Amino acid sequence: MKAGAIFDMDGTLLDTERLYRETWEELAVEYGREPDPQFPRAVAGTSGDHMLDIIEQYYPGLDTQAFRQDCLDRVKEKVAQQVPPKPGMEQLLSYLHQKGVKLAVASSNSVEQIEKNLCLCGALPYFDAIAGGDEVIYGKPAPDIFLLAAERLGIPPRNCYVFEDGINGVRAGVGAGCTTVMIPDGNLPTEEMYRICAGVYDTLLDVRAALEQGDI
């Protein structure tokens, strides 16, 4: 078993990716555009200029800064009312903690928002480190955020797991040199994902079972 485990937050630990998908669609309509069903998947897990580039790609001519900020603000309001954990979150975190694995979160959200969400769902005490999208220049699929999380854990990336739900996040985890596991949320894994991942599992409970059996 690896010494460290780095988790994405939205769609991996928390069932918040659904809120982003709904909000992006709501805002597209409010901005006078036809919602593109592929956009939420393309933008998931990104941050910074890369996110703005994707917004421009799918909705040319839009005020990308305002569109992004409106989404972040609205999701923040929704999350303040409820932060639903993904099935198996508590069981997997508890298992890794008992095994002495150091845990981190690496999310495109700000550190402040990550801490708030983890606190609301009761998971914050499990984590030894947090890396936020506001702390790196290049967001996922660049590996920077996972490299930062591994550094804060004091563990080489090659001795860390990365648990991700999104394609951009998986690419970032693999690029960082971590043993990367995908738990898809709202999108089907591509052939590339099966090729580069250490495993693809339906739920966090399945991940725990695989770890117990030594499959990953």
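Our subject in this report is the structure included herewith. If you're wondering where the values come from, they're calculated on a predicted model, not measured in any experiment.

1. Remarks on the overall build of the chain
Line of reasoning, step 1. Assigned secondary structure in the chain consists of 10 helices and 6 strands.
Line of reasoning, step 2. Summarising the internal contacts of the chain: among those between residues at least 6 apart in sequence, 63% fall at separations of at least 24.
Line of reasoning, step 3. Total accessible area computed for the chain in this model is approximately 9700 Å², and 47% of it derives from carbon and sulfur atoms.
Line of reasoning, step 4. A distance of 4 Å separates the average location of the 19 positive side-chain charges in the chain from that of its 34 negative side-chain charges.

2. A look at the sheet that holds strand E6 (residues 199-200)
Line of reasoning, step 1. Spatial ordering of the open sheet is given by E3-E2-E1-E4-E5-E6, a layout of 6 strands whose pairing is parallel. Looking along the sheet, the strands with just one partner apiece sit at the ends: strand E3 (129-132) and E6.

3. So, the layout of surface pockets
Line of reasoning, step 1. Reported here for the largest pocket is a volume of approximately 590 Å³.
Line of reasoning, step 2. What lines the largest pocket is a set of 33 residues, among which Tyr20, Leu72, Ser108, Asn109 and Ser110 lie closest to the centre.
Line of reasoning, step 3. Elements represented by at least two residues in the lining of the largest pocket include exactly helix H1 (17-30), helix H2 (39-43), helix H3 (48-58), helix H4 (64-81) and helix H6 (111-120).
Line of reasoning, step 4. In terms of residue count, the dominant contributor to the lining of the largest pocket is H4 (7 residues).
Line of reasoning, step 5. Of the residues contributing to the lining of the largest pocket, the split by class is 9 nonpolar, 12 polar and 12 charged.

4. A closer look at the pairing of strand E5 (residues 179-182)
Line of reasoning, step 1. Residues Thr179 and Val181 of E5 are buried on one face, and the alternating residues Thr180 and Met182, pointing to the opposite face, are buried as well.
Line of reasoning, step 2. Crossover connection from strand E4 (residues 160-164) via helix H8 (residues 167-175) to parallel E5: handedness right-handed.
Line of reasoning, step 3. Pairing geometry for E5 and E6, over 2 bridges, is parallel. Residue pairing in the sheet places Met182 in a bridge with Val200 of E6.
Line of reasoning, step 4. With helix H9 (residues 191-196) bridging E5 and its parallel neighbour E6, the resulting β-α-β unit is right-handed.

5. Observations regarding unusual backbone geometry
Line of reasoning, step 1. That bond from Lys140 to Pro141 is cis: its omega, 15°, falls within 30 degrees of zero.
Line of reasoning, step 2. Structurally, the position occupied by Pro141 is in the loop between E3 and helix H7 (144-153).

6. Section: the nonpolar core
Line of reasoning, step 1. Grouped together as the largest cluster of nonpolar side chains are 48 residues, with contacts concentrated most on Phe7, Leu96, Phe127 and Phe163.
Line of reasoning, step 2. Not counting residues up to four positions away in its chain, the partners in contact with Phe7 are Thr12, Leu13, Leu92, Leu93, Leu96, Leu103, Ala104, Val105, Ala106, Phe127 and Phe163.
Line of reasoning, step 3. In this structure, Leu148, Ala149, Ile155 and Ala176 belong to the second largest nonpolar core, which totals 18 residues.

7. Side note on the environment of Glu30
Line of reasoning, step 1. Within the secondary structure, Glu30 is located in helix H1.
Line of reasoning, step 2. On the basis of relative accessible area, Glu30 is assigned to the exposed category, the value being 52%.
Line of reasoning, step 3. Separated by 158 residues in the primary sequence, Glu30 and Leu188 have C-alpha atoms spaced 28 Å apart.

8. A few points about the packing of helix H5 (residues 89-98) against helix H10 (residues 204-212)
Line of reasoning, step 1. It is the contact of H5 with H10, at a shortest axis distance of 8 Å, that shows an interaxial angle of 30°. Between H5 and H10, the angle falls in the class roughly parallel. Both H5 and H10 take part in a crossing whose hand is left-handed. Facing H5, whose interface residues are Met89, Gln91, Leu92, Tyr95 and Leu96, H10 presents Leu204, Leu205, Val207, Arg208, Leu211 and Glu212.
Line of reasoning, step 2. Split into classes, the residues belonging to the contact of H5 with H10 amount to 8 nonpolar, 1 polar and 2 charged.

9. Things to note about H10
Line of reasoning, step 1. Buried residues of H10: Leu204, Val207, Ala210 and Leu211, and no others. The buried residues of H10 occupy an angular sector of 110° when projected down its axis, which confines them to one face.
Line of reasoning, step 2. Packing partners of the buried residues in H10 comprise H5, E4 and E5.
Line of reasoning, step 3. Its side-chain oxygen 3.3 Å from the backbone nitrogen of Leu205, Thr203 forms the N-cap of H10.
Line of reasoning, step 4. At the C-terminal side of H10, Gly214 shows a positive phi close to 75°.

Calculation notes
- Each chain has its residues counted from 1, following the order in which its sequence is written.
- Where local features are concerned, this predicted model is filtered to residues with pLDDT of at least 70; where side-chain atom pairs are given and counted, the filter is 80 or more; whole-chain, interface and lining totals use all residues.
- Processing note: side-chain calculations cover all non-hydrogen atoms of the structure and skip hydrogens and water entirely.
- By the criteria applied, helices consist of DSSP H or I runs no shorter than four residues and strands consist of E runs no shorter than two, each listed in order from the N terminus.
- Here, residues are in contact when the closest pair of their heavy atoms is within 4.5 Å.
- Where accessible areas are quoted, they stem from the Shrake-Rupley method and a 1.4 Å probe; at the residue level, only the protein chains shown are allowed to cover.
- The sign given to each residue is positive for Lys and Arg and negative for Asp and Glu; His and the chain ends receive no count.
- By convention, the point assigned to a charge is CZ for Arg, NZ for Lys, CD for Glu and CG for Asp.
- Strands pair, by our definition, only if DSSP identifies at least two bridges between them.
- Lining residues are defined by having an atom within 4 Å of a point belonging to a cavity or pocket. Those points lie on a 1 Å grid over the protein atoms alone, cavities being sets where a 1.4 Å probe fits but cannot get out and pockets being open sets with protein on both sides within 12 Å along at least five of seven lines.
- Grid points are joined across faces, edges and corners, and a volume is the space filled by probe spheres set on the points.
- Each residue is assigned to one class: nonpolar for Ala, Val, Leu, Ile, Met, Phe, Trp, Tyr, Cys and Pro, charged for Asp, Glu, Lys and Arg, and polar for all the others, Gly among them.
- Any residue under 20% of the maximum accessible area for its type is buried, any over 50% is exposed, and the rest in between are partly exposed; the area is computed with a 1.4 Å probe on protein chains only.
- By definition, the crossover connecting two strands over a helix is right-handed if that path, from the first strand to the second, turns clockwise as seen with the strands pointing away from the viewer.
- Residue types Ala, Val, Leu, Ile, Met, Phe, Trp, Tyr and Cys, when buried and joined through side-chain atoms within 4.5 Å, form a set referred to as a nonpolar core.
- Axis angles are defined between N-to-C directions and span 0 to 180 degrees, where every axis is a line fitted to C-alpha atoms and, for a helix, only to the segment in contact.
- Our angle categories are set so that under 35 degrees counts as roughly parallel, over 145 as roughly antiparallel, 65 to 115 as roughly perpendicular, and the remainder as oblique.
- Each crossing gets its handedness from the near helix: less than a right angle anticlockwise from the far helix is left-handed, clockwise is right-handed.
- By arc we mean the arc of the directions from the helix axis to the C-beta atoms, nothing more.
- Here a polar contact is recorded for every N or O atom pair within 3.5 Å, except that within protein the pair must consist of a potential hydrogen donor and a potential acceptor, and residues adjacent in sequence are included only if both atoms are side-chain atoms.

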